[in-house]
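# Descriptive analysis of the structure
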Amino acid sequence: MHSPEGVAGLCLIVLLAAMAFAAPLLYPGDPLAIVGRALTAPFTDPALPLGTDRLGRDVAAGLMHGARTSLLVGLATALVALAAGTLVGTVAGLAGGLMDEALMRVVDAFQIVPGFLLALAFVSVTGASLPVIILAIGLSAWTGPARLVRAEVLSIRERDYVAAARVIGMHPAEVALREVLPNALPPVLALTAVIVATAVLVEAALSFLGLGDPNVVTWGSMIAEGRNVLRTAPHLSMVPGLGLVATVLGVYLLGEGLADAMAGRKARG
Amino acid sequence: MHRALTMTRRRIVSSIPVLLIVIVGTFLLLEAAPGDAVDAYLLSLGGGDAGLVAELRQSYGLDQSIVKRLTLYVGALLQLDLGWSVAFDRPVLDLIVERLPNTLWLMGAATALAFSLGSLLGIVAGARPGSLTDRTLSIGSLALYAVPSFWLGLVLVLVFAVDLRWFPTAGIETIASGKTGLARVADIAWHLALPVSALGFIYLALFLRMMRAGMAEAWRQDFVLSARAKGLARRRIVLRYVARNALLPLVTMLGLQAAAMLGGSVVVESVFAIPGFGRLAHEAVSGRDAPLLTGIIIVSAVLVIAVNLLVDIAYALLDPRVGSGEVAP
Amino acid sequence: MSAPLAEIRGLSVSYERDDAQSFALQGVDLDIARGRRLAVIGESGSGKSTLALALAGLLAPQARIEGSIGWPGLAHPPVAGRDIGMVFQHPGGSLNPVLTIGEQVAEGAVRHLGLGWRAAKSHALALLEWVRIPDPQAALRAYPHQFSGGQRQRIAIAAAIAARPGLLIADEPTSALDMVVQAEIVALLDDLVREAGMTLVFITHDIALASALADDIAVFQRARLVEKGAAHAVLAQPAHAYTKHLLAAQIDFSTPRLIDGVADA
Ligand SMILES: Nc1ncnc2c1ncn2[C@@H]1O[C@H](COP(=O)(O)OP(=O)(O)OP(=O)(O)O)[C@@H](O)[C@H]1O
Ligand SMILES: [Mg+2]
């Protein structure tokens, strides 16, 4: 990876990952616990470098633990979406016919419902907890990979039809696993950056609306909390927001850098 | 125009099964919620006796089997009856019809802003790939693309409403101002300026980036070389050859983003206290109002289908190749 | 004999590739005689298109150019479109898919002849008639996808000559077309040069086509001009081994097979 953008993205993500890993070491206590006087200004108390919020909770601890939540949700959602999308796309592409038609209509249905509304409805039905939120966001994120994988399966099926047929006694699922998936993977991976970034943003929005997991710190809930004192202590909503921007930007930059690197290797190799 | 009509008809027919899946899926999802509409209603009343409960359950049809209720629901939908909102104690359809225009204005303005400014800046960037302007706009748009809309809303409020006092912090119009006609339109526009920016800027960045990428691709096309061989003015090559072709995928994106933007309006309307469709969704969740939420999801799906129809028509008008396999005499 | 239209002297064009210079043209000396038809032949990658682009001043900015191209008859460096018209290999790709034929044929005249759009459109109508597009009036408002490959190439030719350039460069204008259409396009170019007194540079792989059309022939091999001269002379007595090789290959190919089908089996 050579592009300066890609390197910048990598740096951002490494930094955020370091924050996420260091959070329980530096702030082993509950980041939601009240630790000081409410609304301590930043840089006034060395024990509370970023000050406290309206309830007296440590902003720095929240920021670090929030990075953990955001990255966790982003990665887990991508995993769920990729797994589900790959499964559906492969089945649709290999089965063809009525099965394919039916599955693709389901994909269409998931695509015309606003993903955020779907997540909202899902969370309201099952109650907010981190796994539920990951599933809820994954609900609208799997359609992209499903379409891509299906298209790839179809094109490969077309291309290597004869070769595949020659592989005597190979089960269709085996063909999919050995021949189709490795080829379909690069474009799907390119989608991953978008899924991770979207998931981070959607989780933040849900938390901002008070529909996130109430037992973990999230940047979205910190922004919502700070909003109550927007005029007097704007940093309380600005700082976690910058964390979100840095995360999403880092993911996009890294994704673009990786895609460029892959394209470059393909062109050269 | 004939092509567009045939396409429209085909599109409508093909979206019927998809819509049916949405209806059934949403209905079943919200059926799975613990407690039903009557529980929610009683909660809002503060309790009630068993007789009332049974009577209510019967009047809502809740004592029937789920299949029966689904058929009843779909049957009612066909007569444009979206059910009864327990939180507002009003017909769901009335609520939606009342709230939808605000959101349509918000989304329409945000889309117009994002599309016009985004494609314009994209042309500026893509006119000279690799130039300083191009790189600046490219990095700036990527940064903007990473900004969550609700947080951007807060930043805009902080700067332009709290500090500079140029715009109001919330609401869709001045309450009880008695304004009419153009004055009222201006008042609404003044109120919508910040929310439209908060909602639209992400898409502005998206359109800018797509336009830029599309132009980079178009520059490599043979017809650009032949335009240069004709000695055409650079301006004409950039606009009529490069940008004109790069515009087409942007129009498609307009349809693809309709659903996402509708979702985005939920948070933005909450930030700016705009009584719109998105905020209604938030209120439905807070009020555990399953019928309302079901109605909102179904209507938003219809809305997305409608936007995509419009986009298809626009695309057919912009791309002469659509839908004609014919070869001239 | 009058002064040539263009005098190419010591022309080299190179591109940076993996930290080394790779030459697309190297030390080319060639005159393009006014009013004559020059065929440029050579294998793929020998630098034919590069020569065409260099003449029209359309080389990519990263190309390194040495040597000179003089235009004795022109008071100023030639302007692409006005002094030089170009036709490319892929008739589909060289027309803008979203603009009408009328606009694409007329725009050169608007740009270089100072015509208004209305006058340019009627000029375009005449050009389309001249290149024998059926129903030219309707064609003005039609789009490229509505025409066959051969028709598109005729349209591209009409667009290329819209500003009445003195030199027309056709870069393999027929190699994407089938045999019958090829012959029609060649005949059209031939007519054009005769009637309008234009100079033609015709780039091709096909030595038979070159011999049918050209007054002069220039043979390129691996970035170098290996043989040039009057067509009949070059074809009758090729001096360079590569030209002989090309001719021999051509004769083999066009000799009827004794037993049909055997070679294909
Ligand atoms: N923009 C460029 N950058 C780098 N190399 C180039 C570029 N354009 C041409 N070349 C190289 O220059 C050489 C000559 O190319 P050119 O297109 O002139 O060949 P040609 O004779 O027209 O071949 P063909 O018959 O296939 O059209 C080739 O090796 C090509 O790879
Ligand atoms: Mg060539």
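Residues numbered from 1 in each chain as written. Chains lettered and ligands numbered in written order. Predicted model: local features only at pLDDT ≥ 70, side-chain atom pairs only at ≥ 80, totals over all residues. Heavy atoms only, no water.

The topology assignment puts Thr 103 of chain B in helix α5 (residues 92-127). Each residue touching Thr 103 of chain B, except ones within four places of it in the same chain, is listed here: Leu 262, Ser 265, Glu 269, Gly 276, Phe 277 and Gly 278 of chain B. (Helix = DSSP H or I, 4+ residues; strand = E, 2+ residues; numbered from the N terminus. Contact = heavy atoms within 4.5 Å.)

Here we take up the site of ligand 1. Residue and element names in this part refer to chain C. Near ligand 1 lie 13 residues; those nearest to it are Ser 44, Gly 45, Lys 48, Ser 49 and Thr 50. The contact in question runs from a nitrogen atom of ligand 1 to an N or O atom on the side chain of Tyr 15, over 3.5 Å. His 205 places a side-chain nitrogen or oxygen 3.3 Å from an oxygen atom of ligand 1. Look at ligand 1: alone it shows 640 Å² of surface, and the protein chains cover 66% of it. Counting residues per element, the shell around ligand 1 draws most heavily on helix α1 (residues 48-56), at three residues. Of the residues in the shell around ligand 1, the class split is two nonpolar, seven polar and four charged. (Near = heavy atom within 4 Å. Polar contact = N/O pair within 3.5 Å; in protein donor to acceptor, adjacent residues only side chain to side chain. Areas by Shrake-Rupley, 256 points an atom, 1.4 Å probe, with all protein chains shown as cover. Nonpolar A, V, L, I, M, F, W, Y, C, P; charged D, E, K, R; others polar.)

A separate point is the interface of chain B and chain C. Contacts between chain B and chain C engage 25 residues on the former and 30 residues on the latter. Interface area, chain B with chain C, both sides summed: about 2,300 Å², of which 57% is carbon and sulfur. For the chain B face of the interface with chain C, the top three residues by lost area are Ala 229, Lys 230 and Pro 320 of chain B, together amounting to 23%. Summed over the shared surface of chain B and chain C, the result is four salt bridges. (Buried area = accessible area lost by both parts, 1.4 Å probe. Salt bridge = Lys/Arg side-chain N within 4 Å of Asp/Glu carboxyl O.)

Residue and element names in this part refer to chain B. Per the counting criterion, the structure on display carries seven aromatic pairs over all chains. Seen from their ring centres, Phe 115 and Phe 207 are 5.4 Å apart, and the 75° between their planes marks the pair as edge-to-face. Of this pair, Phe 115 sits in helix α5 while Phe 207 is found in helix α8 (residues 181-219), placing the two residues 92 residues apart along the sequence. With relative accessibility at 2%, the residue Phe 207 sits in the buried group. Summarising the aromatic geometry, the rings of Phe 160 and Trp 166 are spaced 5.7 Å apart at their centres and angled 40° between planes, so their arrangement reads as tilted. (Phe/Tyr/Trp six-rings, centres within 6.5 Å; stacked < 30°, edge-to-face > 60°. Buried < 20%, exposed > 50% of the residue type's maximum accessible area, 1.4 Å probe, protein only.)

For the rest of this paragraph, the subject is the side chain of Arg 154 of chain C. Residues and elements named next belong to chain C. Along the chain, Arg 154 falls in helix α5 (residues 149-160). Overall, the relative accessible area of 8% leaves Arg 154 in the buried class. In this structure Arg 154 touches Val 131, Arg 132, Ile 133, Glu 184, Ile 185 and Leu 188, once residues within four positions along its chain are discounted.

This part is about the sheet that holds strand β7 (residues 199-204) of chain C. All names here are of chain C. Ordered in space as β5-β6-β7-β3-β8-β9, the six strands form an open sheet in which the pairing is mixed. Here the strands that pair on one side only, and so sit at the sheet edges, are β5 (84-87) and β9 (224-230). On average, each strand axis in the sheet is inclined to that of its neighbour by 15°, with strand direction left out of account. Inspection of the sheet shows strand β6 (residues 167-171) paired to β7 by five bridges, in the parallel sense. Within the sheet, the bridge partner assigned to Asp 171 lies in β7 and is Ile 203. On the sheet, helix α6 (residues 179-196) packs against β3 (37-42), β6 and β7 and is oriented at approximately 160° with respect to β7. (Pairing = 2+ DSSP bridges. Axes fitted to C-alpha atoms, helices over the stretch in contact; angles between N-to-C directions.)

A few words now on unusual backbone geometry. All names here are of chain C. Not every positive phi belongs to a glycine, and Glu 172 is a case in point at roughly 45°. Examined against the element boundaries, Glu 172 turns out to sit in the loop between β6 and α6. Given the relative accessible area of 8%, Glu 172 is considered buried. The phi dihedral of Ala 223 is positive, around 75°, even though this residue is not glycine. Residue classification places Ala 223 among the buried positions, given a relative accessible area of 5%.

This brings us to the interface of chain A and chain B. Interfaces are often sized by the accessible area lost when the parts come together. Counting from both sides, the interface comprises 39 residues of chain A and, opposite them, 43 residues of chain B. Across the interface of chain A and chain B, roughly 3,700 Å² is buried in total on both sides, 82% from carbon and sulfur atoms. The three residues of chain A that bury the most area against chain B are Ile 112, Leu 117 and Val 125 of chain A, which together make up 18% of that side's buried surface. Across the contact surface, chain A and chain B share two salt bridges.

Turning to the nonpolar core, a few remarks are in order. Ranked by internal contacts, the top residues of the largest apolar core, which has 165 residues, are Leu 120, Leu 206 and Phe 208 of chain A together with Phe 150 and Ile 296 of chain B. With 16 residues, α8 of chain B is the single largest residue contributor to this core. The residues that make up this core include at least three from each of domain 1 (2-92) and domain 2 (100-281) of chain B. In this structure Ile 296 of chain B touches Leu 117 of chain A together with Ile 96, Phe 277, Leu 280, Ala 281 and Ala 284 of chain B, once residues within four positions along its chain are discounted. Formed by 39 residues, the second largest nonpolar core is a distinct cluster that contains Ile 101, Val 105, Ile 155 and Ile 185 of chain C. (Core = buried A, V, L, I, M, F, W, Y, C linked by side-chain atoms within 4.5 Å. Domains from an automatic or database assignment.)

What follows is about the confidence of the model for chain A. Per-residue confidence for chain A gives a mean pLDDT of 86; residues scoring 70 or more make up 88%. Ranking the elements of chain A by mean pLDDT puts helix α7 (residues 161-166) of chain A last with 54 and helix α5 (residues 130-141) of chain A first with 94. (pLDDT = per-residue confidence, 0-100.)

Residues and elements named next belong to chain C. Residues Ile 84 and Met 86 of β5 are buried on one face, and the alternating residues Gly 85 and Val 87, pointing to the opposite face, are buried as well. Examined bridge by bridge, β5 and β6 share four bridges and lie parallel to one another. Pairing of Ile 84 across the sheet is with Leu 167, part of β6.

Residue and element names in this part refer to chain C. Over its 14 residues, helix α3 (residues 117-130) extends 19 Å from the first C-alpha to the last, a length consistent with the 20 Å expected when each residue adds 1.5 Å. For α3, every residue scored as buried is listed here: Ala 120, His 123, Ala 124, Leu 125, Leu 127 and Leu 128. Its buried side turned inward, α3 meets α2 (101-112), α4 (136-140) and α5. Phi turns positive one or two residues past the end of α3, at Arg 132, with a value near 65°. (Expected span 1.5 Å × (residues − 1).)

Here the focus is the arrangement of the chains. Ranking the two pairs of chains in contact by contact count places chains A and B at the top. No interface is formed between chain A and chain C, the nearest pair of C-alpha atoms being 11 Å apart.

Let's shift gears to the sheet that holds strand β4 (residues 64-70) of chain C. All names here are of chain C. Strand order across the open sheet formed by three strands is β2-β1-β4, with antiparallel pairing between neighbours. The open sheet terminates on both sides in strands that have one partner only, identified here as β2 (20-32) and β4. Averaged over all pairs of adjacent strands, the angle between their axes in this sheet comes to 10°, without regard to strand direction. Bridge analysis of strand β1 (residues 6-17) against β2 gives nine bridges, and the strand direction is antiparallel. Its bridge partner lying in β2, Ala 6 is registered against Ile 32. Across the face of the sheet, α1 comes into contact with β1, β2 and β4 while running at roughly 115° to β1.

Residues and elements named next belong to chain C. In terms of residue burial, β6 counts as a mostly covered element, since five of its five residues are buried. Side chains Leu 167, Ile 169 and Asp 171 of β6 all project onto a buried face; the interleaved residues Leu 168 and Ala 170 project onto the opposite face, where all are buried too. Crossover connection from β6 via α6 to parallel β7: handedness right-handed. (Right-handed = clockwise from strand over helix to strand, strands pointing away.)

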